[in-house]
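Breakdown of the fold
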Amino acid sequence: MEHERSKQPSSEAVAPARLESPRSECGEEPRHPNPEKKQRCRFDGQETKESMFITSSASDFSDPVYKEIAITNGCINRMSKEELRAKLSEFKLETRGVKDVLKKRLKNYYKKQKLMLKEGSCADSYYDYICIIDFEATCEEGNPPEFIHEIIEFPVVLLNTHTLEIEDTFQQYVRPEINTQLSDFCINLTGITQDQVDRADTFPQVLKKVIDWMKLKELGTKYKYCILTDGSWDMSKFLNIQCRLSRLKYPPFAKKWINIRKSYGNFYKNEVNECRIHWDWQTLQQPHGRASKHLRNPKTFWVHT
């Protein structure tokens, strides 16, 4: 839904293939530091004797890389302004600003580097499949804030990460139950007709078909997989709203996802709102002959800035 997405504020970029899951920066200074003893820091994320006060629980971090980031943040918190400037200069980063700004800049640099190293080392083998999802939803011109968006198309492309080939697709239209009549703006934007949604199943029925399809493909049992979207709106907004409207429990498979827009915005060092991802979709055709409007061939997408 490019029209809806253009209205949404962008969020900060993350490393390639990082799963969307909000994390807060940790690693605060100890409550009773010894002012006479200089704390030693290691920027490889490993603990020193003096950094053992930094702790993390399973509820705070789901991956050890976040503990490494927390340890690094703690070291940065204890650096003087001169030390911060020297370290920023070493990485050819901006050295102007007050101390808090310098700390945040250095933390963000290390965070991105550690996440890129982590994901770069395991992305090729960790997931067997990627499920690429891009919903279409009801909409009106001008995107009025009181308008309730309902999902009207649920498409999924199943990408094999080992062969980089598309193995299968799932596509179903969805019949809206609140705004049952599509606006002319929505029809022109999505290419979905009133007749197509009138003949479609409701969202609870379509979601069940999706889950059954994923079980048939043995996703989550025999094969590891993840969800991939172009932005956070599909999962965090459209699916979240739709599940509440349909009085359904939010599906477990959609609780974490890879945000390709953030990943590539970070990888190419561009602001997310300045990064437009273009997809070559010549090879992807749905069974009924209509290519899903935003799902493309992931092997051949490129980034324009």
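Residues numbered from 1 in each chain as written. Predicted model: local features only at pLDDT ≥ 70, side-chain atom pairs only at ≥ 80, totals over all residues. Heavy atoms only, no water.

1. Some remarks on the pairing of strand S5 (residues 225-229)
Look at any regular strand and the pattern is simple: side chains alternate between the two faces of the sheet. Of all five residues in S5, four are buried, a share of seventy percent or more. Where strand S1 (residues 129-133) lies against S5, four bridges are found, and the strand directions are parallel. Looking at S5, one finds that Cys131 is bridged to Ile227. Here S5 pairs with strand S6 (residues 258-259) via two bridges, running parallel. Across the sheet, residue Leu228 finds its bridge partner in S6, namely Ile258. (Buried < 20%, exposed > 50% of the residue type's maximum accessible area, 1.4 Å probe, protein only. Helix = DSSP H or I, 4+ residues; strand = E, 2+ residues; numbered from the N terminus. Pairing = 2+ DSSP bridges.)

2. Here's the deal with the environment of Tyr129
In this structure, Tyr129 sits in strand S1. Placed 91 residues apart in sequence, Tyr129 and Gly220 show a C-alpha to C-alpha distance of 9.8 Å. If we ignore the near neighbours within four places in the chain, the residues touching Tyr129 are Leu158, Leu159, Asn160, Thr161, Glu167, Leu219, Tyr223, Lys224, Tyr225 and Cys226. In this structure the side chain of Tyr129 is engaged in a polar contact, spanning 2.9 Å, whose partner is the side chain of Glu167. (Contact = heavy atoms within 4.5 Å. Polar contact = N/O pair within 3.5 Å; in protein donor to acceptor, adjacent residues only side chain to side chain.)

3. A word on the side chain of Glu150
Examined against the element boundaries, Glu150 turns out to sit in the loop between strand S2 (136-137) and strand S3 (151-160). One buried charged side chain, Glu150, makes no salt bridge at all; its nearest oppositely charged neighbour is Arg175, positioned 9.2 Å away. When residues no more than four places from it in sequence are discounted, the contact partners of Glu150 are Glu136, Ala137, Thr138, Pro176, Glu177, Ile178, Asn179, Gln242 and Leu245. (Lys, Arg positive; Asp, Glu negative; His and termini not counted. Salt bridge = Lys/Arg side-chain N within 4 Å of Asp/Glu carboxyl O.)

4. Examining the environment of Tyr173
Positionally, Tyr173 belongs in strand S4 (residues 165-173). Taking relative accessible area as the criterion, Tyr173 reaches 11% and is therefore assigned buried. Each C-alpha atom of the pair Tyr173 and Glu136 lies 9.1 Å from the other, and the pair is 37 residues apart in sequence. A distance of 3.5 Å separates polar atoms of two side chains, one belonging to Tyr173 and the other to Gln196.

5. Some details on the state of the cysteines
Applying the stated criterion to the full structure yields zero disulfides. Cys131 takes part in no disulfide bond, and the closest cysteine sulfur, belonging to Cys226, lies 7.7 Å away. Judged by its relative accessible area of 1%, Cys131 is buried. (Disulfide = S-S within 2.5 Å.)

6. Regarding the pairing of S1
Of all five residues in S1, five are buried, a share of seventy percent or more. Residues of S1 alternate between two faces, with Tyr129, Cys131 and Ile133 on one and Ile130 and Ile132 on the opposite face, all of them buried.

7. Notes on a nonpolar patch on the surface
Together, Ile148, Ile178 and Leu245 give the surface a local cluster of nonpolar side chains, amounting to about 220 Å² of exposed area. Considering the arrangement of structural elements, one finds Ile178 in the loop between S4 and helix H5 (184-190). Look at Ile178 and you get partly exposed, because its relative accessible area is 44%. (Patch = residues over 30% accessible without salt bridge, like charges linked within 9 Å, V, L, I, M, F, W, Y side chains within 5 Å. Areas by Shrake-Rupley, 256 points an atom, 1.4 Å probe, with all protein chains shown as cover.)

8. Considering the pattern of salt bridges
Evaluated as defined, the whole model comprises eight salt bridges. Note that Glu94 is salt-bridged to Arg96, the shortest N-O span being 2.9 Å. Taking the relative accessible area as the measure of exposure, Glu94 reaches 35% and is therefore partly exposed. Between Asp168 and Lys217 there is a salt bridge, with its nearest N and O atoms 2.7 Å apart.

9. Some words on the nonpolar core
Within the largest apolar cluster, 28 residues are counted, with the highest numbers of intra-cluster contacts made by Ile133, Phe135, Phe154, Phe203, Met235, Leu239 and Phe253. Looking at this core, the elements with two or more residues in it are S1, S3, helix H7 (203-216) and helix H8 (233-245). If one sorts the elements of this core by residue count, H7 sits on top with six residues. (Core = buried A, V, L, I, M, F, W, Y, C linked by side-chain atoms within 4.5 Å.)

10. Observations concerning the confidence of the model for the chain
Averaged over every residue, the pLDDT of the chain is 76; residues scoring 70 or more account for 65%. Overall, residues 21-39 carries pLDDT values under 50, and its contacts beyond four positions in sequence, including any with other chains, amount to 30 contacts. A low-confidence stretch, residues 296-305 (pLDDT under 50), is modelled with 36 contacts involving residues beyond four sequence positions or located in other chains. (pLDDT = per-residue confidence, 0-100.)

11. Some remarks on the environment of Phe185
Note that Phe185 resides in helix H5. Judged by relative accessible area, Phe185 falls into the partly exposed class, the value being 22%. Sequence separation between Phe185 and Cys139 is 46 residues; the distance between their C-alpha atoms is 7.4 Å.

12. Quick notes on helix H2 (residues 64-77)
Side chains that are three or four residues apart share a direction in an α-helix, a result of its 3.6 residues per turn. Between its terminal C-alpha atoms H2 stretches 20 Å, which fits the 20 Å expected from 14 residues at 1.5 Å a residue. With eleven of 14 residues buried, H2 lies mostly within the body of the structure. The set of residues buried in H2 consists of Val65, Tyr66, Ile69, Ala70, Ile71, Thr72, Asn73, Gly74, Cys75, Ile76 and Asn77. (Expected span 1.5 Å × (residues − 1).)

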